[in-house]
Amino acid sequence: MDKIIINGGKSLEGNIRVSGAKNAVLPILAGSLLTTTTTRLLDVPNLADVGVISSVLKELGAEIEVKPGELDITVPNLIQTEAPYEYVRKMRASFLVMGPLLARAGEARISLPGGCAIGTRPIDLHLKGFAALGAEIKFGSGYIEAKAKQLKGAKIYLDFPSVGATENIMMAAVLAKGTTTIENAAEEPEIVDLANFLNSMGAKIKGAGTKVIRIDGVEALGGCTHAVIPDRIEAGTYLVAAAITKGNLLVENIIEDHLKPVVAKLIETGVELREENTGIRVYCDHRVKGIDIKTLPYPGFPTDMQAQLMALTTIAEGTSIITETVFENRFMHVNELKRMGARIKIEGRTAIVQGVRRLTGAQVKATDLRAGAAMILAGLAAEGETEVSNIFHIDRGYENLIEKLQGIGAGIRRVEECVLV
Ligand SMILES: CC(=O)N[C@H]1[C@@H](OP(=O)(O)OP(=O)(O)OC[C@H]2O[C@@H](n3ccc(=O)[nH]c3=O)[C@H](O)[C@@H]2O)O[C@H](CO)[C@@H](O)[C@@H]1O
Ligand SMILES: C=C(OP(=O)(O)O)C(=O)O
C-alpha cells in the first residue's frame, strides 16, 4: 500500500484547477442505466470511486468507452439486476443503482451497504421512497430486493433531506406512471446536476435545488451529453490549503454559489478571498482566527468540509467549536491531528479546538476520505515530515492530488509502503 510523505511549511502559490465532482458523477453514472442509448459524460474525474461504479455498471451490462475526462456509456440490455457485496462494500454510492434498475427492469437486488467510518448510514429513506412508489421490498442474506411491475407516482416526505435518498427516488420516479413529489428533498448542487442530466435525457423534473421536487413520469429516456459540475469539496480543500500554508492561490473552475458556506467561514478566519475571472483567489499572510462551525444539509456548511476546516482551526488563534450534525461519528481525524500536536477535546457531537502556534510532522493515517484530506492539509502546514498511510481513502475523491499540490509548490510525494512479513 502506498503512503504520502509531506515536507511541510511551504507557502502554496500559483493556480490550481478543480476537477469534476465525485458526488455528482457517481449518481449520474448510475442514471445512465435508465436508457438503451449512449450517454456521454464530460469533465469526469479519474477517481477510484468512478472505477468502482464503472465496474458495477459493466456487471449489469454497460459498455463503457473511456477517453481522458470523458465516458461514453451504453446499456443496450441489462444482463442482470444484482449489485453484489464486493462492490457495495467498497463504495456505498453503488446503492444508487437501485432506483434506475427498479425503473428500467422492475427489479433490483443490491447488497445492504454496511456502516462506515463516519456513521451507520442507514438506507431506510431510500426504501420508504421505493415502497411509496409501489415497490415490494424484501431483505435476506445481506441483500435488499425490490420489485415492481410498474412504479406509480407518489407523494414522498423525507424525514431528513438525504442526498442519496433524494437521488435514488428521483431516478426511480422518472419512468413511473404519473407524478411524484419529494418533499423535504436534499438541495445539494449535485442533486441539481443529476436532475439536469436526467432532464437532458428527456425526464420531466422540476424544483431540483429546492425542498420540493416534482417528477412527471415519462415513457422512456434517451441519450445525452452532459458536463459534470466542478467539485465544490475539492475546491474548498484547496482554499483551505492556501489558508493553512499562508499562501496565495487562484483556485480555478469553481461555481462560486456552491462554495458560499465555505467561503463565509474562511472570511471569518481572517483569510482574504477575491473573485477573479477564472476562480477564487485566496491570500493569507497571518495567523488565522478561531471560528465556530456547525455542519448542516446544503445550503448549510458541508459535513464533507468539516475535517479540513478543523485542520485549519488547529493552528488558529483562540478556540473553535465545531459541531457535526449530519453524521454521528465524523471525528476520526481528531486523534490523528492530536498526533501532530493539535489540542482538541470531543464532547458528544462537538469538538473544541484550542489553537496552537504550530503542528509538527508525524506518522498519521487517513481514517476516511475527508479525514485524509485534513491530514494532508495539516502536513502541508506542519514543521518537518508527515507520513500519511491508508491513502486509498484519499484516492476515492481527489484527482491527481500529488501532481496538483506539487504544481503549487508543496513538498509532497507518494511512495510505496514497505510491508514487513
Ligand atoms: C456519494 C455522495 O454523494 N456522498 C455524499 C452524500 O452521502 P449520502 O447520500 O450517503 O448522505 P445522506 O444525505 O443520505 O446522509 C445524511 C444523514 O442522513 C442519514 N440517512 C440517510 C439515508 C437514509 O435512508 N437514512 C438516514 O438516516 C445518514 O445516516 C446521515 O446521517 O451526502 C453526504 C451529506 O452531505 C455527504 O457527506 C457525502 O459525501
Ligand atoms: C462521505 C463521502 O463520500 P461517500 O458518501 O461516498 O462515502 C465524501 O465524499 O466525503
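See the structure above.
Summarised in this report is the structure supplied together with it. Sequence order sets the numbering: in each chain, residues are counted from 1 along the sequence as written. Each chain gets a letter, beginning with A, and each ligand a number, beginning with 1, in the order they are written. At least 70 in pLDDT is required for a residue's local features to be given in this predicted model, at least 80 for side-chain atom pairs to be given and counted, and no such filter applies to totals for whole chains, interfaces and linings, which use all residues.

**Quick look at the site of ligand 2**
In plain terms, the rule: Here, nearness is defined through the C-beta atom: a residue counts as near a molecule or strand if that backbone-placed atom lies within 6 Å of it. Three classes are used: nonpolar for Ala, Val, Leu, Ile, Met, Phe, Trp, Tyr, Cys and Pro, charged for Asp, Glu, Lys and Arg, and polar for all others, with Gly counted as polar.
In the neighbourhood of ligand 2, the contacting residues comprise Asn23, Arg92, Ala93, Asp304, Leu369, Arg370 and Gly397. Grouping the amino acids of the shell around ligand 2 by side-chain chemistry returns two nonpolar, two polar and three charged.

**Quick word on helix 7 (residues 189-200)**
Threshold: Strands here are runs of E lasting at least two residues and helices are runs of H or I lasting at least four, both read from the DSSP assignment and numbered beginning at the N terminus. Every helix has an expected span of 1.5 Å times one less than the residues it contains. Using C-beta atoms placed from the backbone, we call a residue buried if 20 or more other C-beta atoms fall within 10 Å of its own, exposed if 12 or fewer do, and partly exposed for counts in between. Once C-beta atoms have been placed from the backbone, residue pairs whose C-beta atoms lie within 7 Å are recorded as contacts.
Spanning twelve residues, helix 7 covers 17 Å between terminal C-alpha atoms, matching the ideal 16 Å at 1.5 Å per step. Among the twelve residues in helix 7, ten count as buried, and that is most of the element. Here helix 7 has its buried residues at Pro189, Glu190, Ile191, Val192, Asp193, Leu194, Ala195, Asn196, Phe197 and Leu198. Looking at the buried side of helix 7, the elements it contacts are helix 1 (22-31), helix 6 (163-173), strand 12 (204-206), strand 14 (224-227) and helix 8 (232-244). Looking at the residues trailing helix 7, positive phi occurs at Gly202, about 115 degrees.

**Some remarks on the sheet that holds strand 19 (residues 319-323)**
To be explicit about the condition: Two strands pair if DSSP finds at least two bridges between them. Between the N-to-C directions of two axes lies an angle of 0 to 180 degrees, each axis being a line fitted to C-alpha atoms and, for a helix, fitted only over the stretch in contact.
Read across the sheet, four strands follow the order 18-19-21-20 without closing on themselves; strand pairing throughout is mixed. This sheet does not close on itself; its edge strands, each paired only once, are strand 18 (292-294) and strand 20 (343-347). Averaged over all pairs of adjacent strands, the angle between their axes in this sheet comes to 15 degrees, without regard to strand direction. Lying over the sheet, helix 10 (residues 306-313) contacts strand 18, strand 19 and strand 21 (350-354), oriented at roughly 170 degrees with respect to strand 19.

**With respect to the nonpolar core**
Selection criterion: Joining buried Ala, Val, Leu, Ile, Met, Phe, Trp, Tyr and Cys residues through C-beta atoms within 7 Å gives a set, and that set is a nonpolar core.
The biggest cluster of nonpolar side chains holds 74 residues, and the ones touching the most others in it are Val25, Ile53, Val97, Leu102, Met170, Ala172 and Val174. With seven residues, helix 6 is the largest single contributor of residues to this core. Apart from residues no more than four positions distant in its own chain, Met170 is found in contact with Ile182, Leu194, Ala195, Ile205, Ile213 and Ile215.

**Examining the packing of helix 10 against helix 12 (residues 369-381)**
Put simply, the rule is: In what follows, roughly perpendicular refers to angles from 65 to 115 degrees, roughly parallel to angles under 35, roughly antiparallel to angles over 145, and oblique to any angle outside these ranges. Handedness of a crossing is defined here by the sense of rotation of the near helix relative to the far one, left-handed for an anticlockwise turn of less than a right angle and right-handed for a clockwise turn.
At a minimum axis distance of 7 Å, the contact between helix 10 and helix 12 shows a crossing angle of 25 degrees. When the interaxial angle is binned, helix 10 and helix 12 end up roughly parallel. Seen from above, helix 10 lies across helix 12 with right-handed handedness. Where helix 10 approaches helix 12, its residues Ala307, Gln308, Met310 and Ala311 are matched on the opposing element by Arg370, Ala371, Ala373, Ala374, Leu377 and Ala378. Split into classes, the residues belonging to the contact of helix 10 with helix 12 amount to eight nonpolar, one polar and one charged.

**Overview of the pairing of strand 3 (residues 39-42)**
Side chains Thr39 and Leu41 project from strand 3 onto a buried face, and the interleaved Arg40 and Leu42 project onto a face without burial. The pairing of strand 3 with strand 5 (residues 70-74) spans four bridges and is antiparallel. Paired with Arg40 across the two strands is Asp72, which belongs to strand 5.

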